[in-house]
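Residue-level structure breakdown
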Amino acid sequence: MEAEATYRGTVYPWHCDHVGHMNIMWYVGKFDEANWNLFARIGLTPSFLRESGRGMAAVQQNVTYKRELLAGDIVEITSVVLEIRDKAIRFRHEMRNGETGEIAAICEFTGVHMDRRARKVVPFTEGIRAAALGQVAAVEAEMA
């Protein structure tokens, strides 16, 4: 599945650590920004979350670092939904060097849908589940 970018940006010098490459805190921050773009595509928009009193919380995150990114590098993240359950979603981001196309890092998340006031995990709406299932089906079709 040719995924549209969920994040585009640049590595700035202040993103780099004493070794000279982008520090892990910035990888995680860029993945977080991609999360919100992916969520909006399935209906978890900022207005939906505000108006419904709902939220998302990460419960597991696994990052694999493949190539370093340096100051001035262009960054592009694409994202896919891997699985949607009643109250949880699993998805993957691939961070690439936008110039070379090389994968710099991969992050897989599991997140849960929650009622912010009650601080409890709650089911996704049917519309959100259907949109996410559509993405899962597209990923599975490509892998077949």
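Being a predicted model, the structure only gives us computed values, none of them experimental.

Criteria and cut-off values
Residues numbered from 1 in each chain as written. Predicted model: local features only at pLDDT ≥ 70, side-chain atom pairs only at ≥ 80, totals over all residues. Heavy atoms only, no water. Disulfide = S-S within 2.5 Å. Core = buried A, V, L, I, M, F, W, Y, C linked by side-chain atoms within 4.5 Å. Buried < 20%, exposed > 50% of the residue type's maximum accessible area, 1.4 Å probe, protein only. Helix = DSSP H or I, 4+ residues; strand = E, 2+ residues; numbered from the N terminus. Contact = heavy atoms within 4.5 Å. Salt bridge = Lys/Arg side-chain N within 4 Å of Asp/Glu carboxyl O. Polar contact = N/O pair within 3.5 Å; in protein donor to acceptor, adjacent residues only side chain to side chain.

1. Thoughts on the state of the cysteines
- By the definition in use, this model includes 0 disulfides.
- In this model Cys16 remains outside any disulfide bridge; the closest cysteine sulfur is found in Cys107, 19 Å from its own.

2. Description of the nonpolar core
- Counting residues in hydrophobic clusters, the biggest one holds 29 residues, and the most contacted among them are Phe31, Leu44, Leu69, Ile89 and Met95.
- Contributing elements (two or more residues each) for this core: helix H1 (24–41), strand E3 (74–84), strand E4 (88–97), strand E5 (103–115) and helix H3 (126–143).
- If you tally residues by element for this core, the top one is H1, at 5 residues.
- Beyond its immediate sequence surroundings of up to four residues, Leu44 is in contact with Phe39, Leu49, Met56, His113, Phe124 and Ile128.

3. Some thoughts on the pattern of salt bridges
- Within the structure shown, the criterion is met by 8 salt bridges.
- Here Arg41 and Glu4 are joined by a salt bridge, their closest N and O atoms 3.9 Å apart. With a gap of 37 residues between them, Arg41 in helix H1 and Glu4 in the segment before strand E1 (5–10) connect regions that are remote in the sequence.
- Note on Glu4: relative accessible area 57%, which makes it exposed.
- Here Arg90 ties to Glu83 by a salt bridge, and the two come within 3.1 Å at their closest N and O atoms.
- Classification of Arg90 as partly exposed rests on a relative accessible area of 25%.
- One salt-bridge network, held together by shared partners, links Glu83, Arg85, Arg90 and Glu108.

4. Quick notes on the side chain of Asp115
- Within the element layout of this structure, Asp115 appears in strand E5.
- A distance of 3.0 Å separates the side chain of Asp115 from the side chain of Arg54, its partner in a polar contact.
- Within the structure, the side chain of Asp115 is placed 2.8 Å from the backbone nitrogen of Ala118, a separation counted as a polar contact.
- What Asp115 contacts, discounting residues up to four positions off in sequence, is Gly53, Arg54, Lys120 and Val122.

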